[in-house]
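Working through the structure, step by step
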Amino acid sequence: YRKEPCMTITDILEEMKVLLSRRADVKREIDRLQRAGNGYQRPVINGMPKGTPLHPETIEVAEHLAALMEELKELEIDLSTFRRRLEPAINSLPDGPQKMMLRLRYVHWLPVAQAAKEVGYNRQYGYKLLEEGEKSFSAI
């Protein structure tokens, strides 16, 4: 991903929303595949594990998992690039719940519901605060 030098803070926020959403999807899929991978273990009989060749579907899962891990790494590199540009703008805002939600979402990459919970708000109010904070950048 190549960052455009002329991107506004609003552009960066929009791009980060897309990247954070994809990051969440990739992490869920990685978790699902890792849990499913436990199903490929062979039972232990007589206390000795049995060595068996890998099944084709096991290899496919491992390859898919490796591709997802690489995609996650690339997403986080892109997010880090945007975070470096966005963090000073967030820090320039007056202290308050909107600034806290912006930091938790775009600097620490927390899901909105988790960020809201951490500061004692429900998910719906967290979205409202985040939207208010994002609007404060439209004047920049």
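In the block above lies the structure referred to throughout.
Residues numbered from 1 in each chain as written. Predicted model: local features only at pLDDT ≥ 70, side-chain atom pairs only at ≥ 80, totals over all residues. Heavy atoms only, no water.

1. Considering the overall build of the protein
Counting secondary structure elements, the protein contains five helices and zero strands. Ordered by position from the N terminus, the helices and strands of the protein form the series α-α-α-α-α. Counting only residues that meet the buried cut, the protein has 31% of its 140 residues in that class. Restricting to contacts in the protein with at least 6 residues of sequence separation, those with at least 24 account for 67%. For the protein, the accessible surface area stands at approximately 9200 Å², while carbon and sulfur atoms represent 54% of it. (Helix = DSSP H or I, 4+ residues; strand = E, 2+ residues; numbered from the N terminus. Buried < 20%, exposed > 50% of the residue type's maximum accessible area, 1.4 Å probe, protein only. Contact = heavy atoms within 4.5 Å. Areas by Shrake-Rupley, 256 points an atom, 1.4 Å probe, with all protein chains shown as cover.)

2. Description of the nonpolar core
In terms of nonpolar packing, the biggest core is built from 34 residues, with Met16, Leu86, Tyr106 and Phe137 touching the most fellow members. Breaking this core down by element, the ones donating at least two residues are helix H1 (9-37), helix H2 (56-91), helix H3 (97-107), helix H4 (112-118) and helix H5 (123-135). Top contributing element to this core by residue count: H2, with ten residues. The residues touching Phe137, leaving out its near neighbours within four places in the chain, are Ile9, Thr10, Leu13, Ala89, Ile90, Leu93 and Leu102. (Core = buried A, V, L, I, M, F, W, Y, C linked by side-chain atoms within 4.5 Å.)

3. Quick look at the layout of surface pockets
Gaps between atoms show up when a probe of the same size as a water molecule is rolled over them. Here the largest pocket is characterised by a volume of approximately 190 Å³. Lining the largest pocket we find Leu20, Arg23, Ala24, Lys27, Arg28, Arg105, His108, Trp109, Leu110, Pro111 and Gln114. The greatest single-element share of the lining of the largest pocket, amounting to five residues, is contributed by H1. Across the lining of the largest pocket, the residue classes tally to five nonpolar, two polar and four charged. (1 Å grid on protein atoms, 1.4 Å probe; cavity = no way out; pocket = protein on both sides within 12 Å on 5 of 7 lines; lining within 4 Å. Points joined across faces, edges and corners; volume = space filled by probe spheres on them. Nonpolar A, V, L, I, M, F, W, Y, C, P; charged D, E, K, R; others polar.)

4. Observations concerning H3
Listed as buried for H3 are Lys99, Met101, Leu102, Leu104, Arg105, Tyr106 and Val107. Two residues or fewer past H3, Trp109 is found with a positive phi of approximately 60°.

5. Things to note about the packing of aromatic side chains
For any pair of aromatic rings, geometry is given as the distance between the ring centres together with the angle between the planes. Inspection of every chain in the model, using the stated rule, returns one aromatic pair. Here Tyr121 and Tyr125 contribute two aromatic rings whose centre-to-centre distance is 5.0 Å and whose plane-to-plane angle is 65°, an arrangement assigned as edge-to-face. Here Tyr125 falls in the partly exposed class, since its relative accessible area comes to 34%. (Phe/Tyr/Trp six-rings, centres within 6.5 Å; stacked < 30°, edge-to-face > 60°.)

All we've got here are geometric facts, nothing functional implied.
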